[in-house]
Each structure stands twice: as structure tokens, then as C-alpha cells.
Amino acid sequence: MINKILIANRGEIAVRIIRACRELGIRTVAVYSEADRDALHTQLADESVCIGKAQASDSYLNIERILSATVATHADAIHPGFGFLSENSKFAELCEKCNITFIGPSSEVIEKTGNKQEARNTMIAAGVPVIPGTKEPVYTPEQGQELADGIGYPVMIKAALGGGGKGMRVVRDAADFQREFNNAQRESVNGFGDNTMYIEKYIEEPRHIEFQILADNYGNVIHLGERDCSIQRNHQKMVEESPSIALNEDIRKRMGETAIKAAKAVNYTNAGTVEFLLDKNNDFYFMEVNTRIQVEHGVTELMTGIDLIKEQIRIAAGEKLDISQEDVRLTGAAIEVRINAEDPYKKFAPCPGTITDIHIPGGNGVRIDTAVYTGYTIPPFYDSMILKVMVHDRDRASVIAKMRSVLGEIVIEGVTTNLDFQYEICNNEKFIQGNITTDFIAQEFGNR
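Residues numbered from 1 in each chain as written. Predicted model: local features only at pLDDT ≥ 70, side-chain atom pairs only at ≥ 80, totals over all residues. Heavy atoms only, no water.

A. Seen up close, the overall build of the protein. Along the protein, the regular secondary structure elements total 15 helices and 22 strands. For the protein, whose C-alpha radius of gyration is 21 Å, the value lies close to the compact-globule estimate of 22 Å for 448 residues. Out of the 448 residues in the protein, the part that is buried amounts to 58%. Accessible area of the protein: about 18,300 Å², with a carbon and sulfur share of 45%. (Helix = DSSP H or I, 4+ residues; strand = E, 2+ residues; numbered from the N terminus. Rg over C-alpha atoms; globule rule 2.2 N^0.38 Å. Buried < 20%, exposed > 50% of the residue type's maximum accessible area, 1.4 Å probe, protein only. Areas by Shrake-Rupley, 256 points an atom, 1.4 Å probe, with all protein chains shown as cover.)

B. Representation of empty space enclosed by the protein. Under the counting rule described, the total for this entry stands at two cavities of 30 Å³ or more. For the largest cavity, the calculated volume is near 60 Å³. For the largest cavity, the full set of lining residues is K116, R120, V130, I131, K158, Y198, E200, F286 and M287. Looking at the lining of the largest cavity, the elements with two or more residues in it are α6 (116-126), β8 (197-201) and β13 (284-290). Taken together, the residues of the lining of the largest cavity break down into five nonpolar, no polar and four charged. Here the second largest cavity defines a volume of roughly 40 Å³. A per-class count over the lining of the second largest cavity returns five nonpolar, seven polar and one charged. (1 Å grid on protein atoms, 1.4 Å probe; cavity = no way out; pocket = protein on both sides within 12 Å on 5 of 7 lines; lining within 4 Å. Points joined across faces, edges and corners; volume = space filled by probe spheres on them. Nonpolar A, V, L, I, M, F, W, Y, C, P; charged D, E, K, R; others polar.)

C. Region of interest: the sheet that holds strand β9 (residues 207-215). If you trace the eight strands from one edge of the open sheet to the other, you get β13-β12-β9-β10-β11-β14-β21-β19, paired in antiparallel fashion. Bordering the open sheet on either side are β13 and β19 (366-370), each of which pairs with just one other strand. The sheet shows a mean angle of 25° between the axes of neighbouring strands, taken without regard to direction. Judged from the six bridges that link them, β9 and strand β10 (residues 221-233) form a sheet pairing that is antiparallel. Within β10, the residue paired with E210 across the bridge is R227. Contacts from helix α1 (residues 11-24) reach β19 and β21 (385-393), with the element oriented near 110° to β19. Sitting on the sheet, helix α10 (residues 297-304) is in contact with β9, β10, β11 (236-242), β14 (333-340), β19 and β21, with an inclination near 20° to β21. (Pairing = 2+ DSSP bridges. Axes fitted to C-alpha atoms, helices over the stretch in contact; angles between N-to-C directions. Contact = heavy atoms within 4.5 Å.)

D. Representation of the packing of aromatic side chains in the model. A complete count under the given rule lists twelve aromatic pairs for this structure. When the ring of F348 is compared with that of F421, the centres are 5.4 Å apart and the planes differ by 80°; the resulting orientation is edge-to-face. Of this pair, F348 sits in the loop between β15 (342-343) and β16 (349-350) while F421 sits in helix α13 (residues 419-426); the two residues are 73 residues apart in sequence, bridging distant segments of the chain. F421 matches F348 in its accessibility class, with the two residues each being buried. Aromatic ring contacts, followed pair by pair, group Y60, F84, F381 and Y382 into a single cluster. (Phe/Tyr/Trp six-rings, centres within 6.5 Å; stacked < 30°, edge-to-face > 60°.)

E. Region of interest: a negative patch on the surface. On the surface, E319, D322, E326 and D327 cluster together into a patch of negative charge. Among the structural elements, D327 can be located in the loop between α11 (308-316) and β14. (Patch = residues over 30% accessible without salt bridge, like charges linked within 9 Å, V, L, I, M, F, W, Y side chains within 5 Å. Salt bridge = Lys/Arg side-chain N within 4 Å of Asp/Glu carboxyl O. Lys, Arg positive; Asp, Glu negative; His and termini not counted. Charge placed at Lys NZ, Arg CZ, Asp CG, Glu CD.)

F. Molecular detail of the pairing of β8. Taking burial as the measure, the five residues of β8 include four buried ones, the bulk of the element. In the sheet, strand β6 (residues 155-163) pairs with β8 via five bridges, with the strands oriented antiparallel. Across the sheet, K158 pairs through a bridge with Y198, a residue of β8.

G. Broad picture of the sheet that holds strand β5 (residues 101-102). Here we have five strands laid out as an open sheet, ordered β3-β2-β1-β4-β5, and parallel in their pairing. The open sheet terminates on both sides in strands that have one partner only, identified here as β3 (47-52) and β5. The pairing of strand β4 (residues 77-79) with β5 spans two bridges and is classified as parallel. Looking at β5, one finds that I78 is bridged to F102.

H. Structural context of the packing of helix α7 (residues 141-151) against helix α8 (residues 177-192). Their axes nearest at 9 Å, the elements α7 and α8 cross at an angle of 125°. In this view, α7 runs oblique relative to α8, as classed from their interaxial angle. Classified by chirality, the crossing of α8 by α7 is right-handed. Here P141, E142, G144, Q145 and A148 of α7 come into contact with α8, specifically with F177, Q178, F181 and N182. (Parallel < 35°, antiparallel > 145°, perpendicular 65-115°, else oblique. Left-handed = near helix turned anticlockwise from the far one by under 90°.)

I. Representation of the nonpolar core. The biggest cluster of nonpolar side chains holds 36 residues, and the ones touching the most others in it are L387, V389, I425 and F431. Ranked by residues supplied to this core, first place goes to helix α12 (residues 396-409) with five residues. With residues up to four places along the chain from it excluded, the contact list for I425 reads I231, M238, V239, F431, F440, I441 and F445. Among the nonpolar cores identified, the runner-up in size contains 30 residues, and I13, A14, A45 and I309 belong to it. (Core = buried A, V, L, I, M, F, W, Y, C linked by side-chain atoms within 4.5 Å.)

J. Quick peek at the layout of surface pockets. Each pocket or cavity is described by its volume, and for the second largest pocket that value is around 220 Å³. Every residue lining the second largest pocket is listed: H223, G225, P243, E249, R252, K253, G256, E257, I260, Q325 and L330. Elements with a contribution of two residues or more to the lining of the second largest pocket: β10 and α9 (249-265). No other element matches the six residues that α9 contributes to the lining of the second largest pocket. When the residues that make up the lining of the second largest pocket are grouped by side-chain class, the tally is three nonpolar, four polar and four charged.

The values reported here are purely geometric and, on their own, carry no functional implication.
If you want it as C-alpha cells, here you go:
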């Protein structure tokens with residue numbers, strides 16, 4: 001049994017975890033930086049501990065302080081949420097050594113899947129389709145140039161430990177390769193402390209499709225359907241929906257089975273996401289495994305009625321999955337849009353500040369996850385996402401209409417947000433028709 005969980009995160013995901021724990025009768029500990037002293041998650045948790053200054057490196061990324069807070073409050077488990085330390089294998093390993101339950105996969109699995117090159121090789125061995133590319137690490141632009149010339153342009157340069165669009169560059173011409181390689185590698189070193197790169201064929205105008213998986217400690221693995229995350233800016237997701245209009249039942253079945261195969265290939269446990277690229281010929285390729293709860297997990301919860309946070313906790317506590325693949329029922333359609341404190345008309349520059357007034361609508365099939373409130377000051381030190389707006393209805397047309405209605409009712413005053421931009425997307429004819437790829441934002445809205 002798990003009696004007390006420390007949430008090693010902030011914002012809406014920390015609030016989401018606290019609420020799930022409360023429903024399960026589990027006590028919670030919030031950790032917070034000095035900038036988050038008045039944050040909602042610190043107010044909702046049973047206990048709260050300040051772990052450092054505003055900079056994430058002094059607080060939410062400080063493993064020693066988080067573990068010290070866990071021991072001091074007698075918490076027996078840690079939920080890492082997403083971002084920060086959620087995919088840090090060293091953090092998971094130290095939790096294991098300290099007999100603290102890490103609510104996620106083992107450190108070994110995080111290490112194996114976190115290195116994209118190793119994950120790629122594992123999938124090849126398991127018979128999972130992957131994008132053509134390098135099998136060994138690449139460290140120099142000269143070495144990379146030779147390999148890229150052999151693969152054929154365009155190519156994607158990727159940091160082995162990258163994520164969130166960092167350490168990634170698309171190169172369409174050999175003359176640009178070495179410059180872009182150096183830029184991507186520098187970003188990888190600054191962001192992840194690692195200079196390991198790899199190169200793969202760039203798939204033109206793909207869709208980004210991910211499958212949610214659950215796996216217990218007894219070999220049971222299921223998937224909970226797909227999410228289409230194709231609408232992105234600089235490889236960062238903006239809109240997520242389920243089901244994907246691009247998949248027929250045959251492709252959906254094959255992708256789901258492949259997601260399970262990928263999870264079993266790395267002995268995966270807990271909740272995770274297997275991500276694919278789907279090309280214009282309906283061929284799909286493995287991209288990566290995300291070893292954490294996703295920002296967009298609520299889309300799957302609306303579609304299935306399954307609480308993924310509670311399932312994570314139950315699995316971590318040693319329980320068997322009580323859901324079989326045959327039990328999974330996806331109904332209707334669901335969409336999530338991310339509302340950020342940023343200015344879409346100034347290259348999406350972050351816009352921290354104080355929210356002077358906020359109105360959040362409700363209604364049938366409407367869910368909004370947030371940690372902000374009137375009078376809350378958004379700090380400039382963290383991700384700019386402030387709301388996740390999710391809606392569910394009987395079909396895609398109905399759910400788009402509902403999303404437009406909800407976005408039109410939201411009021412956020414005092415800070416600039418991307419609310420109007422998301423409203424534009426939901427009124428875009430190509431989006432309404434489902435004619436979307438990962439190039440949608442660039443094609444329809446230009447390089448804002």
C-alpha cells in the first residue's frame with residue numbers, strides 16, 4: 001500500500017495528482033519553489049515543503065532536495081508528473097535505492113528508452129518498424145555529413161536524450177548540414193548535458209500518432225487507443241485529439257498491436273506512450289516511448305472513462321491491471337487545446353504576469369485542468385501553459401463545435417495568451433476537414 005505521495009512537480013499536473021490521491025484516500029506532499037509559495041498545488045496538498053529558489057535547477061530539478069523532502073515528510077512514494085525529473089533515470093534509480101516508490105517505470109526502462117538511439121535499436125530487434133537512419137551514435141558534423149549523404153535528404157538531426165523539440169533540426173540540403181548539426185548538438189549539451197546525436201530520414205508531412213499504454217508488473221500490457229498530436233509548433237504539441245481521423249480500423253489495430261509489442265520489448269511497466277509517425281502512404285514508424293504521464297492524458301480519460309493517474313498509483317503499489325484489452329471502450333471524440341501565457345504574434349514569446357480576472361466555463365463534456373486563479377501571478381521561470389481545455393462529444397464535428405463554444409467563453413485578463421490563436425485553429429477549414437499534418441501551423445499561419 002502507498003500511504004503518502006510527494007508530487008515532484010507544479011502547476012496543473014500537481015493539482016491533478018493531488019485530486020486523484022484524495023479520491024484514493026492517500027495523503028499528499030507538495031514541493032514548491034520560492035516563486036510558487038502561493039501556487040494552488042501548495043494550498044491543496046496535505047503538506048507542503050519549500051525546496052529552493054525560483055530557478056528550476058535550484059528546486060524542481062534538485063534531486064537531493066526533493067529526496068530530502070520525501071524522507072522528512074515520511075512519504076513512501078513520489079509521482080514525478082511530466083517534465084522536470086519525470087524521465088530522469090538517475091532520479092528513478094535513487095528513489096529505488098532509498099526504498100521510495102517511483103510512480104513510473106523502472107530506472108532501467110527509463111534509461112533504455114530515454115536514449116533514442118538505444119530505443120531505436122531495441123525496436124529494430126523486436127520487429128517494430130522504424131524510420132531509416134543511423135544505428136550508432138554520431139558525435140561530429142563530419143561523421144554526420146557522411147551518414148546523411150548516404151541516407152538522402154531531407155534528414156532529421158536528433159539529440160539522443162532530446163525531447164520537446166530541443167536538439168532537433170530538419171536539414172534539406174547537404175550545404176546546411178554541418179551548421180545545423182552544430183546548432184542541434186549545442187542545444188543538446190545545454191539542455192541535456194549530452195552531445196550524442198543521431199540522424200534519420202525526415203518523413204515529409206506526416207501525422208504524429210501516439211498510443212497510450214498501461215502495463216503492470218505481471219506482464220499485462222494494454223493500449224487505450226490513439227491520440228493525434230499532429231498540430232505542433234517547433235515539434236511542440238498544441239492540439240491533441242482522439243480518435244485520429246487518419247486511421248481506419250485496420251491501421252488502428254496494427255498500430256495498437258505494435259505499441260504493445262514496443263512496450264513488451266523494453267519490459268515496460270506503468271503508464272506510458274508509444275509515439276509513431278504516419279506517412280502519406282499510411283505506413284507508420286516508431287519514434288519514441290514517453291515514460292511518463294502525458295500533458296494530453298485527459299483526452300484518453302474522456303474517451304475511455306479510465307483515470308490514468310489512479311491506474312499509475314495502483315500499478316506502482318503492486319496491483320494487477322483489472323482492465324483487459326477487451327474491456328477498453330472508446331466512445332465519441334475528444335479534443336484538447338493548450339492555453340499558454342504567450343504572444344502568438346510575437347513569435348510566441350512567454351508573457352508572465354498577474355491574472356486580474358479569469359472565467360472558466362463548464363457544461364456537459366467540458367473539462368479544464370488548471371492551477372491558475374484570479375490574482376495569481378504567473379512566474380517567468382517555467383513552462384507557459386496555464387490551462388488545458390478538453391471537450392468530449394459524440395463525433396468530431398460535434399466536439400469541434402463544442403471547443404469553439406468553450407474557447408469563445410473563456411476570459412483571461414491581465415496577461416497575453418494564445419486563446420485567440422487556438423480559436424483560429426478550431427475555425428480553420430483544413431482543421432475542420434481533418435486535413436492536418438505536423439506542418440499545419442507553418443502552412444496555415446506562417447512562421448509567427
